Amino acid sequence: MDQRISQHNSINMDYLVYCSTTLIIFFSLFYIYAKYKLSYWSRRGVKTPPTNLFFGNFKDCITLKKPAGEVMREIYNSADPDDPYIGFYIFHKPMLLLRDHNLIKQVMITDFEIFPNRRFGSSNQRDPIGLDSILSIKQPRWRYLRGKLTSPLTGQKLKNMLPLMEECGKPMLKFIENLQSSEFDQENSEMKDFSSRYISDAMASIAFGINTNSFLEKENAFWKNGLKIFRGIKRSIAFIILFFIPEWGPLIGPLIKEPANYFREIFWDSMNTREKMGYKRGDIIDSLLALKNGEQDPIYNFEGDNLVAQSASFYIAGFEATSTTIAFALYNLSRHPEHQATLYDEIQTHLLGKKLTVDLINEMSFLDRVVNESLRLYPPLPVVDRTATKDYKFPGIELIIEKDISVYVSINATNRDSKYFDNPDDFMPSRIEAKQNKKFFESLAFGIGPRACIGQRLAVLLTKVALITIFSNYTVYYNMKKKPILNDNNAVGFFTYIADGLYVEFKKRN
Ligand code: HEM
């Protein structure tokens, strides 16, 4: 018996020694491998922040401790003020974060032909609605598609859409009016929820050709399905993967499908009715119908899910970003009554007794500055990227960006860099006037170069219509009882978002 126990113990011992030796070898090999991979930038003379052996510089994002935009901002700020770039790693994959405006312009504009693609999306994921759209498509298909999709958003088309936007402003105004009565809880009216209802109605009308009233119908299905795309931990993980680890794209297919099925049904319902009835509404459905019935190029057919993808990508790109812009503009103005007064004067001067037109809106320069300054402080998309399609050398710098390396711009960090802005954290609409390089800053929230936001003019118009509608009738007050913002990025996710909400109160003008 004793002999058997001692034999058993000796086998266990051998097994333990075997396991620990295997583990030691495994970890030693992993250590050597990781150290080598994480020396990619130091071997090229590029600084990086301290790295984690497994996660690289993205530990806080991957473990959902901090949003990606905040992690990128920290990487940006870890460099010396005048560093033109800083390297970083997502797991062991090297990436470069640009800090210098000239280099940003070089990549995004001058040498765009070498950097035409985003890392976003995944090439082997077959979900045309979510992932084979203009947001993720690669060159040369991107250029063809971009050319075609510019037509629904021309100046004239936007003018045609203005009445649809104004129409959506009416239930919004009614909603605010109701907030004034004691039945409604003005104090708990959250601005992102509020603005997402206006934008959902507007985008439903513009991109899907249907009328919704999510102010009246609290649980409106269109609005809720829009939120489903962006809210919740599963979706946050999906966006982090799509933006930063797209190789894992196939893992998240099921997370994307549900809202896609909903939007597919709505889209075809609208397209089929429009085609059968033959009427025009001045919206994106009109333009897509023309693309569907026009001559097709094998590079990208406007049929089936490819058509749904365009409406869906406009909706996805527009819904979250534009509603965030409106919410922050209201918040910023609520903290600055003096800017509200200037804005009100401008609206009054231009609009008194006149019908609202795009030309009149374009004349309101202070309104324009309010929107730009709000976007500077709170860019809804904090990060953009491009991937090199071949080895590239910056002019005058001894650094080669190898093929397939992704280059990032941290919009939220650049926009608050004291090297470029005095008092960068302050909301000062007039500052933009004084700055050189005006165009650059104005447009950075929308990306930059040929692949910048295609919906910029639409987004700005939607935002301005909302602000004109509200400020013609109301003033907004900062809600002192609600917790002030301590940190503008205190939620897990990819898009700029305030977990605790943004609260303002409306007061009717006399
Ligand atoms: C204030 C609201 C908005 C902001 C801040 C915003 C911001 C952005 C940014 C930063 C990009 C990436 C640009 C780059 O990579 O350089 C982008 C791309 C895009 N946005 Fe927007 N966007 C907004 C509203 C909209 C709206 C309303 C639409 C609807 C038409 C839209 C459609 C798109 C599309 C389709 C792309 C991809 C363009 C391409 O790859 O060619 N966006 N947007």
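The present account deals with the structure reproduced in this document. Computed from a predicted structure; not experimentally measured.

### What about the packing of aromatic side chains?
Reasoning step 1: Evaluation of the coordinates by the stated rule reveals 30 aromatic pairs.
Reasoning step 2: Between the aromatic rings of Phe115 and Tyr392, the centroid separation amounts to 5.0 Å while the plane-to-plane angle is 80 degrees, which identifies the pairing as edge-to-face. Placement of Phe115 in the loop between α4 (101-110) and α5 (128-131) and of Tyr392 in strand β4 (residues 392-393) is noted, with a sequence separation of 277 residues between them.
Reasoning step 3: The aromatic ring of Phe421 is capped on one face by Arg376, whose charged end is 4.5 Å from the ring centroid.

### Examining empty space enclosed by the protein
Reasoning step 1: The tally for this structure, following the rule as stated, stands at five cavities of 30 Å³ or more.
Reasoning step 2: The set of elements that each furnish at least two residues to the lining of the largest cavity consists of α6 (141-150), α10 (233-244), α13 (305-334), α16 (365-377), β3 (383-387) and α20 (456-473).
Reasoning step 3: If you tally residues by element for the lining of the largest cavity, the top one is α13, at eight residues.

### Thoughts on the coordination of the iron atom of the ligand
Reasoning step 1: Looking at the protein side alone, the iron atom of the ligand has one donor only, Cys453 (SG), at 2.3 Å.
Reasoning step 2: Inspection of the secondary structure puts Cys453 in the loop between α19 (438-444) and α20.

### Description of the nonpolar core
Reasoning step 1: Judged by nonpolar contacts, the single largest core of 122 residues is most densely connected at Phe194, Tyr198, Phe244 and Phe506.
Reasoning step 2: In terms of residues, this core owes the most to one element, α13, which gives 14 residues.
Reasoning step 3: Beyond its immediate chain neighbours, meaning those up to four positions away, Tyr198 contacts Met165, Cys168, Gly169, Met172, Phe215, Ile326, Leu462, Val465 and Ala466.

### Considerations on the pattern of salt bridges
Reasoning step 1: Summed over all chains, the structure comprises 25 salt bridges.
Reasoning step 2: Residues Arg44 and Glu402 are paired through a salt bridge, measuring 3.5 Å at the closest nitrogen-oxygen approach. Of this pair, Arg44 sits in the loop between α1 (2-37) and α2 (59-62) while Glu402 sits in the loop between β5 (400-401) and β6 (406-410), and the two are 358 residues apart along the sequence.
Reasoning step 3: When its relative accessible area of 29% is taken as the criterion, Glu402 is described as partly exposed.
Reasoning step 4: Of the charged contacts in the structure, one is a salt bridge between Asp80 and Lys47, with a shortest N-O distance of 2.8 Å. On the criterion of sequence distance, the pair formed by Asp80 in the loop between α3 (68-77) and β1 (85-90) and Lys47 in the loop between α1 and α2 is long-range, its members being 33 residues apart.
Reasoning step 5: Overlapping salt bridges bring together Asp60, Lys65, Lys66 and Glu74 as one network.

### Side note on the side chain of Glu373
Reasoning step 1: By the secondary structure assignment, Glu373 is in helix α16.
Reasoning step 2: For Glu373, a relative accessible area of 0% translates into the label buried.
Reasoning step 3: A distance of 2.9 Å separates a polar atom in the side chain of Glu373 from a polar atom in the side chain of Arg431.

### Describing the site of the ligand
Reasoning step 1: Neighbouring the ligand are 26 residues, the closest being Trp142, Arg146, Arg386, Arg451 and Cys453.
Reasoning step 2: A distance of 2.7 Å is found between an oxygen atom of the ligand and a side-chain nitrogen or oxygen belonging to Arg146.
Reasoning step 3: Arg451 is positioned with one of its side-chain polar atoms (N or O) 2.8 Å from an oxygen atom of the ligand.
Reasoning step 4: Applying the majority rule of atoms within 2 Å of the grid points places the ligand in the largest cavity.
Reasoning step 5: Looking at the shell around the ligand, the elements with two or more residues in it are α6, α13, β3 and α20.

### Structural notes on a nonpolar patch on the surface
Reasoning step 1: Among the surface-exposed residues, Ile25, Leu29, Tyr31 and Ile32 lie close enough to one another that they form a single nonpolar patch of about 430 Å² accessible area.
Reasoning step 2: Note that Leu29 resides in helix α1.
Reasoning step 3: A relative accessible area of 55% places Leu29 in the exposed class.

Conventions adopted
Residues numbered from 1 in each chain as written. Predicted model: local features only at pLDDT ≥ 70, side-chain atom pairs only at ≥ 80, totals over all residues. Heavy atoms only, no water. Phe/Tyr/Trp six-rings, centres within 6.5 Å; stacked < 30°, edge-to-face > 60°. Helix = DSSP H or I, 4+ residues; strand = E, 2+ residues; numbered from the N terminus. Lys NZ or Arg CZ within 6 Å of the ring centre and 35° of its normal. 1 Å grid on protein atoms, 1.4 Å probe; cavity = no way out; pocket = protein on both sides within 12 Å on 5 of 7 lines; lining within 4 Å. Points joined across faces, edges and corners; volume = space filled by probe spheres on them. Donors = N, O, S within 2.8 Å, 3.2 Å for Na, K, Ca; no water. Core = buried A, V, L, I, M, F, W, Y, C linked by side-chain atoms within 4.5 Å. Buried < 20%, exposed > 50% of the residue type's maximum accessible area, 1.4 Å probe, protein only. Contact = heavy atoms within 4.5 Å. Salt bridge = Lys/Arg side-chain N within 4 Å of Asp/Glu carboxyl O. Polar contact = N/O pair within 3.5 Å; in protein donor to acceptor, adjacent residues only side chain to side chain. Near = heavy atom within 4 Å. Sits in = over half its atoms within 2 Å of the grid points. Patch = residues over 30% accessible without salt bridge, like charges linked within 9 Å, V, L, I, M, F, W, Y side chains within 5 Å. Areas by Shrake-Rupley, 256 points an atom, 1.4 Å probe, with all protein chains shown as cover.

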